[in-house]
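Take a look at the letters that make up each chain.
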Amino acid sequence: MGIIDIKRNEVPIRENRLKAITGYVGTIGDLHGQATTCSAQNRERCFTQASACSSGCCQNQLGSITDALVINHAPVGCAADSVPGNVNYKSGARLRGLEYRNVQIISTNLEERDTVFGATEKLRDTILQAYERYKPNAIFVTTSCVSGIIGEDIQSVLNELKDELGIPLVPAFCEGFKTKVWASGFDAAFHAVLHGIVEPPRSGFTSNTVNFVNFRGSARREIIATFAKLGVEPVFLLQHSSVEQIRRISEARATVSICGTLGSYLGNGLEQYYGVSYVKTEQPHGITGYKNWLRSLGDLLGERDAVEAHISAEETRIADELADIRAKLKGKTAVVGMGPSFGHNYTRVLRELGVEVIWAATWHFDQNYDHGEVPESTKRLAEADESLGVSVGDQQNYEIVNLLGKLKPDIYVTRHGGSSVWATKMGIASYMITDEYAAFGFNGILNFGNVIIDKLTNRSLARKLAERIKLPYSDWWISQDSFSLLEAAGGY
């Protein structure tokens, strides 16, 4: 029996379930070694500058389902968490030719008096009005710090209305105060899906689909074409999927993911409960990651020969251009700052291009995934160079600025605009990877390499900003060790 329990209405946070940490500094070899026994101890900070909320990750995943509706039982200010999800939804809708509209996320607008007298009646009225206005095929109710602290009995409200409305009414418990790992919000969303939407496979039904857990699906045409060679069709989750598609994902032949942090819970949950195999290799970024990922999928589908033919043809096609990119990037240095799966995968990708990665910072670190193993991307990175310096911090920019000032890389590669802007102000070229498919497969590695070359060639913006901007950090802080505000390990 696995560790996922979809019969519960709430999933444990990553700190408890995966022994995730948000405070560490050392080497990738040491981090991997401790993770193999789940013995890495978290180090708190005596000062924190910034972070994010798990509620946003949950709202935005569920809000991206085309015919579902999300009710955030929260003060209206928590609606700010839905802004990035709305941007992503519209971007994905345009790519697919779908209706260009806002996500269907609404708020119960909890006020001060609700914290005294409760707000279950307000939640009930909101659900009824939302159903009448939008006629969704499912309603998810996401919680907040306020509704969690005052102990709102959300499940009872949903139980009372379930028969009246005749659609799934599913809670998603994602109170931000419970966790420092905002990726716990992904798990809350996928748990709600597994708990309240997914049905067991139909008897005698044969599927040719593969579940593809991702964010926006910008490379969907390339993926559809590649999967067609293997005789299967991808179902992209959760962005722009329908309630009916999600209901049937238990019938898929396999599940893959563009991000280990994102896909671990849903992939392992489907494997544990319905026998849908989950591909657990490193993610399909760069050449090595893509080949290992595709070979694993091909083995599950019994299509290894087709995979090898595809790989051989593609390697021949890109060989000359890839060699040219590597020659131009040889000797360049980089610092990486991303979520753990992307961070460790993109460190490997940069090395495939000939770039020397001198530090890898990740926003948290899961010591194992839901199948009980250390993330494959971390394992491969440790095997390649156990001395690589790494740190774990929930996007504490004061540490990143200090670190960049000391290491002075040629480029800072990240996935968060709130982090990349600091490198630019310091005169360091930066690359914010907004598209999760930026280095996907053989085309991706070429595109990614050429963008890095462009960033290193055109430095005028960073140079001019650095000449005109005074950073808010004092000389005292800049002279300190980058991680001097990390406290001693406390453990779990």
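A. Representation of the pattern of salt bridges in the model. What the rule picks out here adds up to 33 salt bridges. Among the salt bridges present, the one from E376 reaches R380, with a minimum N-O distance of 3.0 Å. Taken together, the residues span about one helical turn, with E376 and R380 both in helix α16 (residues 376-384) at a distance of four residues. Residue classification places R380 among the partly exposed residues on the basis of a relative accessible area of 32%. Among the ionic contacts, a cluster of salt bridges with common partners joins R14, R17, D187, D366 and D370.

B. How the structure looks around the environment of D410. By the secondary structure assignment, D410 is in the loop between α17 (397-407) and β14 (411-414). Overall, the relative accessible area of 22% leaves D410 in the partly exposed class. Sequence separation between D410 and L456 is 46 residues; the distance between their C-alpha atoms is 7.2 Å. Those residues within four positions of D410 in sequence are excluded, and the remaining contacts are G331, K332, T333, I428, A429, L456 and R459. A polar atom in the side chain of D410 sits 2.8 Å from the backbone nitrogen of T333.

C. Fine view of helix α12 (residues 260-274). If you check α12, its first and last C-alpha atoms are 20 Å apart, about what 15 residues at 1.5 Å a residue would give, namely 21 Å. Counting buried positions over the 15 residues of α12 gives 12, a clear majority of the element. Residues of α12 that are buried include every one of G260, T261, L262, G263, S264, Y265, L266, G267, N268, G269, L270 and Y274, and no others.

D. Up close: the nonpolar core. Counting 122 residues, the largest nonpolar core has F140 and F448 as the members making the most contacts within it. With near-sequence residues (within four places) excluded, F140 lies in contact with L62, I65, A68, L69, V70, I71, V170, A192 and I197. Among the nonpolar cores identified, the runner-up in size contains 15 residues, and L69, L123, I154 and L158 belong to it.

E. Fine view of the pairing of strand β7 (residues 209-213). With five of five residues buried, β7 lies mostly within the body of the structure. Side chains T209, N211 and V213 project from β7 onto one buried face, and the interleaved V210 and F212 project onto a second face that is buried too. Inspection of the sheet shows β7 paired to strand β8 (residues 233-237) by five bridges, in the parallel sense. Each bridged residue has a counterpart across the sheet, and for T209 the counterpart in β8 is E233. The parallel pair β7 and β8 is bridged by helix α10 (residues 220-229), and the resulting crossover is right-handed.

F. Geometry of the layout of surface pockets. Within this model, the largest pocket holds a volume of roughly 940 Å³. In this structure, the largest pocket is lined by 33 residues; those nearest its centre are N88, F186, F215, R415 and H416. For the lining of the largest pocket, the secondary structure elements donating two or more residues are α3 (54-63), α4 (83-96) and α15 (340-352). Residue classes in the lining of the largest pocket are distributed as 16 nonpolar, 13 polar and four charged. Approximately 150 Å³ is the volume attributed to the second largest pocket. T424, I428, A429, S430, K455, N458, R459, L461 and A462 are the residues that line the second largest pocket.

Conventions we followed
- Residues numbered from 1 in each chain as written.
- Predicted model: local features only at pLDDT ≥ 70, side-chain atom pairs only at ≥ 80, totals over all residues.
- Heavy atoms only, no water.
- Salt bridge = Lys/Arg side-chain N within 4 Å of Asp/Glu carboxyl O.
- Helix = DSSP H or I, 4+ residues; strand = E, 2+ residues; numbered from the N terminus.
- Buried < 20%, exposed > 50% of the residue type's maximum accessible area, 1.4 Å probe, protein only.
- Contact = heavy atoms within 4.5 Å.
- Polar contact = N/O pair within 3.5 Å; in protein donor to acceptor, adjacent residues only side chain to side chain.
- Expected span 1.5 Å × (residues − 1).
- Core = buried A, V, L, I, M, F, W, Y, C linked by side-chain atoms within 4.5 Å.
- Pairing = 2+ DSSP bridges.
- Right-handed = clockwise from strand over helix to strand, strands pointing away.
- 1 Å grid on protein atoms, 1.4 Å probe; cavity = no way out; pocket = protein on both sides within 12 Å on 5 of 7 lines; lining within 4 Å.
- Points joined across faces, edges and corners; volume = space filled by probe spheres on them.
- Nonpolar A, V, L, I, M, F, W, Y, C, P; charged D, E, K, R; others polar.

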